[in-house]
Amino acid sequence: MTTIITPVLCNEKNMANYAYIINKENSKKAIIIDAAEEKPILNYLKKQNLTPTHIITTHHHFDHVEGNLGLKEKYNLKIIAPIDEFDKVPGADIKASDNTLLTINEIEVLPILAKGHTNGHMIYYIKELEALFTGDVLFNLCVGGLFEGTPHQMFESLNKIKSLPNNTKIFPGHEYTRSCIEQSMLKLPNFDTYLQKMYQREQQKLCPTTIDEEKQFNPYLKETITI
Ligand code: ZN
Ligand code: FE
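Residues numbered from 1 in each chain as written. Chains lettered and ligands numbered in written order. Predicted model: local features only at pLDDT ≥ 70, side-chain atom pairs only at ≥ 80, totals over all residues. Heavy atoms only, no water.

Draft legend 1. The coordination of the zinc ion (ligand 1), seen in detail. Surrounding the zinc ion (ligand 1) are the protein donor atoms H59 (NE2), H61 (ND1), H117 (NE2) and D136 (OD), at 2.2 to 2.3 Å. Between the four donor atoms coordinating the zinc ion (ligand 1), the angles at the centre fall across 86 to 169 degrees, so the site counts as irregular. Donor residues binding the zinc ion (ligand 1) come from one chain and are separated in sequence as H-x1-H-x55-H-x18-D. Between the two metal centres, the zinc ion (ligand 1) and the iron ion (ligand 2), the spacing is 3.2 Å, with D136 acting as a shared donor. A residue pair is termed long-range when its members are at least 10 positions apart, and H61 in the loop between β4 (51-56) and α2 (62-65) and D136 in the loop between β10 (131-135) and β11 (138-139) qualify at 75 residues. (Donors = N, O, S within 2.8 Å, 3.2 Å for Na, K, Ca; no water. Tetrahedral: all angles 85-135°; square planar, octahedral: opposite > 155°, others 65-115°. Helix = DSSP H or I, 4+ residues; strand = E, 2+ residues; numbered from the N terminus.)

Next up, the structure:
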């Protein structure tokens, strides 16, 4: 049975957030990862005739949870939030703990604590789909800002990501590829290669990338950085 992951770009606030909808092909039940905005998610769900049963939240920042309450009201769904940010996530019902497997609609989702951007930030790994939802820890070619954590914590979080299989697909919390490349320019010894990569990605709709690709091109995942 095929499981489908659909990125829904939420850009009403001009913040280019991604929400992800996950559902088995022959099922009408869906999981939402980061309900960034209600409207674009609702549009997609209605078009596909899907009923969300759960929202899984990566971290408490407003741009990742804005759709929580509205969608909960409409669908009577459960909201899963990182244990250390539980009180800050609107509508939170279920605590996600580090390395404690959740089974939702027969899909196994592993929360992995990834501090740095926020103190309780979870990334979510779905082994059967070889998919990792990285929230604001890792973007295409860049990493998230240190709002609450330390550089060391972020480094440890990135190492956790690097230890997953190389073919793991990365589904980031934002579509920041273009600005990530611009920020990275000064650090990159071969900017043309990156630019080329960006154009390829744009044709492929940018998302997802893979851990292998990030190890090659994301300056924050390289073993050494040439300045
Ligand atoms: Zn954030
Ligand atoms: Fe964000």
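Okay, back to it.
Draft legend 2. Focus on the sheet that holds strand β6 (residues 94-96). Taken together, the six strands give an open sheet; going across it, the order is β1-β2-β3-β4-β5-β6, and neighbouring strands pair in mixed fashion. Only two strands of the sheet have a single partner each, and these edge strands are β1 (3-10) and β6. With direction set aside, neighbouring strand axes in the sheet form an average angle of 25 degrees. Bridge count for strand β3 (residues 29-33) against β4 is five bridges, and the pairing is parallel. Counterpart to I31 in the pairing with β4 is H54. Contacts from helix α1 (residues 38-48) reach β1, β2 (17-24), β3 and β4 within the one sheet, and its direction differs from that of β1 by about 145 degrees. Together, β3, β4 and β5 (78-82) form the strand contacts of helix α3 (residues 68-75), whose direction differs from that of β4 by roughly 145 degrees. (Pairing = 2+ DSSP bridges. Axes fitted to C-alpha atoms, helices over the stretch in contact; angles between N-to-C directions. Contact = heavy atoms within 4.5 Å.)

Draft legend 3. Region of the structure containing the packing of aromatic side chains. Scanning all chains against the criterion turns up five aromatic pairs. Between F139 and Y176, the aromatic rings sit 4.8 Å apart at their centres with planes inclined by 70 degrees, giving edge-to-face as the arrangement. A residue pair is termed long-range when its members are at least 10 positions apart, and F139 in strand β11 and Y176 in the loop between β13 (169-172) and α5 (177-184) qualify at 37 residues. Accessibility expressed as a relative area gives 4% for F139, which makes it buried. Among the aromatic residues, those joined into a ring-pair cluster are Y18, Y20, F133 and F171. Taking NZ or CZ as reference, K95 lies 5.0 Å from the ring centre of F86, over its face. (Phe/Tyr/Trp six-rings, centres within 6.5 Å; stacked < 30°, edge-to-face > 60°. Buried < 20%, exposed > 50% of the residue type's maximum accessible area, 1.4 Å probe, protein only. Lys NZ or Arg CZ within 6 Å of the ring centre and 35° of its normal.)

Draft legend 4. Structural context of the coordination of the iron ion (ligand 2). The coordination sphere of the iron ion (ligand 2) contains the protein donors D63 (OD), H64 (NE2), D136 (OD) and H174 (NE2), at a distance range of 2.1 to 2.3 Å. In this structure, the iron ion (ligand 2) is coordinated by four donor atoms arranged in irregular fashion, with angles at the metal of 84 to 166 degrees. Sequence spacing among the residues donating to the iron ion (ligand 2) works out to D-H-x71-D-x37-H.

Draft legend 5. Layout of the sheet that holds strand β8 (residues 107-113). Here we have six strands laid out as an open sheet, ordered β7-β8-β9-β10-β13-β14, and mixed in their pairing. For this open sheet the edge positions go to β7 (102-104) and β14 (209-210), each flanked by a neighbour on one side alone. Inspection of the sheet shows strand β9 (residues 122-126) paired to β10 by three bridges, in the antiparallel sense. Pairing of Y125 across the sheet is with L132, part of β10.

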